[in-house]
2 protein chains.
Amino acid sequence: MHLFYQPDIVPNEPVQLLTEDDSRHAVKTLRLNVGDAIAVTDGRGNRYLAVIHAADARRCAFRISDIQTTPPRPFSIRICIAPTKNIDRIEWFIEKAVEIGIERISFFFGQHSERRILKLERLEKIAVAAMKQSLQSYLPSIDEALPFGEFVKTVTEEQRFIAHLPIDEPPQNLVKRATVSGQYAVLIGPEGDFSEKEIQQAVGAGFQMVTLGPNRLRTETAGLMACHTLQVLNAE
Amino acid sequence: MHLFYQPDIVPNEPVQLLTEDDSRHAVKTLRLNVGDAIAVTDGRGNRYLAVIHAADARRCAFRISDIQTTPPRPFSIRICIAPTKNIDRIEWFIEKAVEIGIERISFFFGQHSERRILKLERLEKIAVAAMKQSLQSYLPSIDEALPFGEFVKTVTEEQRFIAHLPIDEPPQNLVKRATVSGQYAVLIGPEGDFSEKEIQQAVGAGFQMVTLGPNRLRTETAGLMACHTLQVLNAE
């Protein structure tokens, strides 16, 4: 069953509308008709089973018949990443991270960053599409990019990690340092790595250095693997 | 330092040649000259430090000065995947799997497969490029695709898994079922899943059913996550 996204669902309203984009997709592409069953998520854990009420390509109306609510998972993952010069790679990261499951995606500009401007609009659309495609009902939040020094202060998750090899001690893998059912934030630096000053700022703000494995990973791969590592840690 | 790939290195030969492709890249693109230092891997764990001896764009010669040998890791991962209709997705999988680390990639054609022909030549090139880019010295082997029934009999790894949810028992995550330092093989089915007959063939051949997590994953994402799960299990 096709999943649509409508953040403005009001649970008790008898008839509601899909977004313009979803209306066009439902009516023009999927050719749905009055009476067809659909599912609509609000991106906040609720999945509404519904029926098409009016198959209008700009204002497709639906009537809710049931609601399935998924509780949030007992841990939360926030990946904080330096956006790559090549925007495709960021878009790939967003799509795959949403597919495997992520709560929050943040961006920062570091000293060695390849990119200093980032528009979120397209990234948000990619996140919505990935949520629908993987039939999930939580939409991760995506934050505007901030300069590193400023950004580091905004991170309040209790388990904070920075993907960087320490100089004077053996590296510890993220999966060994993190503990289950936590609120996690992981900093993933640009290809040119973090600067010494950034490392000090992060350590000073309570971030622990971790490795994601022995191989040198591209930024976007590292971001996805950090997210997946924490999922595997929490696997039941 | 740029890493080149020459599977035909003979350790005791004083002067050897890069492949034609690597010669062109070294001389025309990187503009390397006589005396410049390079690294060359044979894809079998050996990384040779060398010096350019003759900067010929078709037959670039080098002289070996040192050798670094990396032992194979104490576990091995073989991902066996049903190739997707969209070849980009398979290529993406190869590139990412090599980047994070994989020993062997196999393909099979299943009842619900979207694709029934697979040419390996380009996939092998992608694997070589990914090995070089991530500075590794082991090139995973890539097997020609076989029909599922035939393929399943070729799998001799001691720990064999199939990504499929059992009907009458709770699903077990791959990370819980696999044990460290193993020789692993994981079957990843097409988007339409395995057929009942294929499940029976796999179970009969000693494969255990596992889940890769609660979300519905695309075939190529599942392949990468299976590989990464086993890495995380074995993280030191």
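Fair warning: this is a prediction, and the values are worked out from it, not measured in the lab.

Caption draft 1: Main features of the overall build of chain A. Along chain A, the regular secondary structure elements total 7 helices and 12 strands. Viewed in the frame of its principal axes, chain A has a C-alpha envelope of about 65 × 35 × 30 Å. In chain A, which comprises 236 residues, the proportion classed as buried is 53%. In chain A, 74% of the contacts between residues at least 6 apart in sequence involve partners at least 24 apart. Carbon and sulfur atoms form 50% of the exposed surface of chain A, whose accessible area is close to 11100 Å².

Caption draft 2: Looking closely at the relation of the copies chain A and chain B. With an axial shift of 0.0 Å and an RMSD of 0.0 Å, the rotation relating chain A to chain B amounts to 180°. On this basis, the relationship between the two copies can be described by a two-fold rotation axis. The fraction of interface residues of chain A whose copies in chain B are also interface residues reaches 100%, indicating that both copies meet through the same surface.

Caption draft 3: Up close: the sheet that holds strand β3 (residues 37–41) of chain B. All names here are of chain B. Strand order in the open sheet formed by 5 strands is β1-β3-β4-β5-β2, with mixed pairing between adjacent strands. Single-partner strands in this sheet number two, and they are β1 (3–5) and β2 (15–17). Across the sheet, the axes of successive neighbouring strands diverge by a mean angle of 45°, strand direction being ignored. Pairing of β2 with strand β5 (residues 61–69), which is carried by 3 bridges, proceeds in the antiparallel orientation. Note on β5: the bridge partner recorded for L17 is A61. Against the sheet, helix α3 (residues 121–133) engages β1 and β3, with an angle of about 150° to β1.

Caption draft 4: Inspection of the environment of A185 of chain A at higher detail. All names here are of chain A. Looking at the secondary structure, you find A185 in strand β11 (residues 183–188). Given a relative accessible area of 0%, A185 falls into the buried group. Aside from chain neighbours lying at most four places away, what touches A185 is R78, C80, V155, E157, Q159, R160 and F161.

Caption draft 5: Layout of the interface of chain A and chain B. Across the contact, 28 residues belong to chain A and 28 residues belong to chain B. Both faces combined, the contact of chain A with chain B buries some 2500 Å², and carbon together with sulfur accounts for 50% of it. In this structure, the connection of chain A to chain B is made through 2 salt bridges. One salt bridge connects K96 of chain A with E220 of chain B, and the closest N-O pair in it is separated by 3.5 Å.

Caption draft 6: Quick look at helix α1 (residues 20–29) of chain A. All names here are of chain A. Those residues of α1 not exposed but buried are D22, S23, A26 and V27. In an axial view of α1, the angular spread of the buried residues amounts to 115°, which keeps them on one side of the axis. The exposed residues of α1 that point more than 90 degrees off its buried face are K28 and T29. Structurally, α1 contributes buried residues whose contacts are with β1 (3–5) and α3 (121–133). Just downstream of α1, R31 is the residue with a positive phi angle, here 55°.

Caption draft 7: Here's a closer look at the packing of aromatic side chains. Residue and element names in this part refer to chain A. Under the defined criterion, the tally for this structure stands at 9 aromatic pairs over all chains. The interplanar angle of 20° and the centroid separation of 6.0 Å between the aromatic rings of F108 and F194 together place this pair among those described as stacked. On the criterion of sequence distance, the pair formed by F108 in strand β7 (residues 104–109) and F194 in the loop between β11 and α6 (196–204) is long-range, its members being 86 residues apart. Considered together, F108 and F194 belong to a single accessibility category, that of buried residues. Site record: aromatic cluster; members linked through ring pairs are F108, F148, F151 and F194.

Caption draft 8: Expanded view of the pairing of strand β4 (residues 46–54) of chain B. All names here are of chain B. Strand direction decides the pairing type here: β3 and β4, joined by 5 bridges, are antiparallel. Residue A39 lies in a different strand from β4, and its bridge partner there is L49. Connecting the antiparallel pair β3 and β4 is a turn made up of 4 residues, with G43 showing a positive phi of about 75°. Pairing of β4 with β5 involves 8 bridges; the strand directions are antiparallel. In the strand pairing of β5, I52 is matched with F62.

Caption draft 9: View of the packing of helix α2 (residues 87–100) of chain A against helix α2 (residues 87–100) of chain B. At their nearest, the axes of α2 of chain A and α2 of chain B sit 15 Å apart, and the two run at 95° to each other. Considered as vectors, α2 of chain A and α2 of chain B are oriented roughly perpendicular to each other. Residues R89, W92 and K96 of chain A of α2 of chain A form the contact with α2 of chain B, whose own contacting residues are R89, W92 and K96 of chain B. Taken together, the residues that form the contact of α2 of chain A with α2 of chain B break down as 2 nonpolar, no polar and 4 charged.

Caption draft 10: Focus on the pattern of salt bridges. If you walk through the whole model with that rule in mind, you get 22 salt bridges over all chains. For R24 of chain A, the salt bridge goes to D21 of chain A, with nearest N and O atoms at 2.9 Å. With R24 of chain A and D21 of chain A both in helix α1, this residue pair falls 3 residues apart, about one helical turn. Between E103 of chain B and R73 of chain B there is a salt bridge; the shortest N-O distance is 2.7 Å. Residue E103 of chain B is found in the loop between α2 and β7 (104–109), and its partner R73 of chain B is found in the loop between β5 and β6 (76–81); the two are separated by 30 residues along the sequence. Here the salt bridges do not stand alone but share partners, grouping R78, R104, D143 and E157 of chain A into one network.

Caption draft 11: Representation of the confidence of the model for chain A in the model. When pLDDT is averaged along chain A, the result is 96, and 100% of the positions lie at 70 or above. Across the interface, the model reports ipTM at 0.93; the global pTM reads 0.94.

Caption draft 12: Region of the structure containing the environment of P11 of chain A. Following the sequence through the fold, P11 of chain A ends up in the loop between β1 and β2 (15–17). Filtering out sequence-adjacent residues up to four positions away, P11 of chain A remains in contact with Q16, Y48 and I64 of chain A.

Caption draft 13: Quick look at unusual backbone geometry. With a phi close to 60°, L135 of chain A is a non-glycine residue in the positive phi region. Accessibility expressed as a relative area gives 37% for L135 of chain A, which makes it partly exposed.

Basis of the calculations
Residues numbered from 1 in each chain as written. Chains lettered and ligands numbered in written order. Predicted model: local features only at pLDDT ≥ 70, side-chain atom pairs only at ≥ 80, totals over all residues. Heavy atoms only, no water. Helix = DSSP H or I, 4+ residues; strand = E, 2+ residues; numbered from the N terminus. Buried < 20%, exposed > 50% of the residue type's maximum accessible area, 1.4 Å probe, protein only. Contact = heavy atoms within 4.5 Å. Areas by Shrake-Rupley, 256 points an atom, 1.4 Å probe, with all protein chains shown as cover. Least-squares fit on C-alpha atoms with pLDDT ≥ 70 in both. Pairing = 2+ DSSP bridges. Axes fitted to C-alpha atoms, helices over the stretch in contact; angles between N-to-C directions. Buried area = accessible area lost by both parts, 1.4 Å probe. Salt bridge = Lys/Arg side-chain N within 4 Å of Asp/Glu carboxyl O. Arc of directions from axis to C-beta. Phe/Tyr/Trp six-rings, centres within 6.5 Å; stacked < 30°, edge-to-face > 60°. Parallel < 35°, antiparallel > 145°, perpendicular 65-115°, else oblique. Nonpolar A, V, L, I, M, F, W, Y, C, P; charged D, E, K, R; others polar. pLDDT = per-residue confidence, 0-100.

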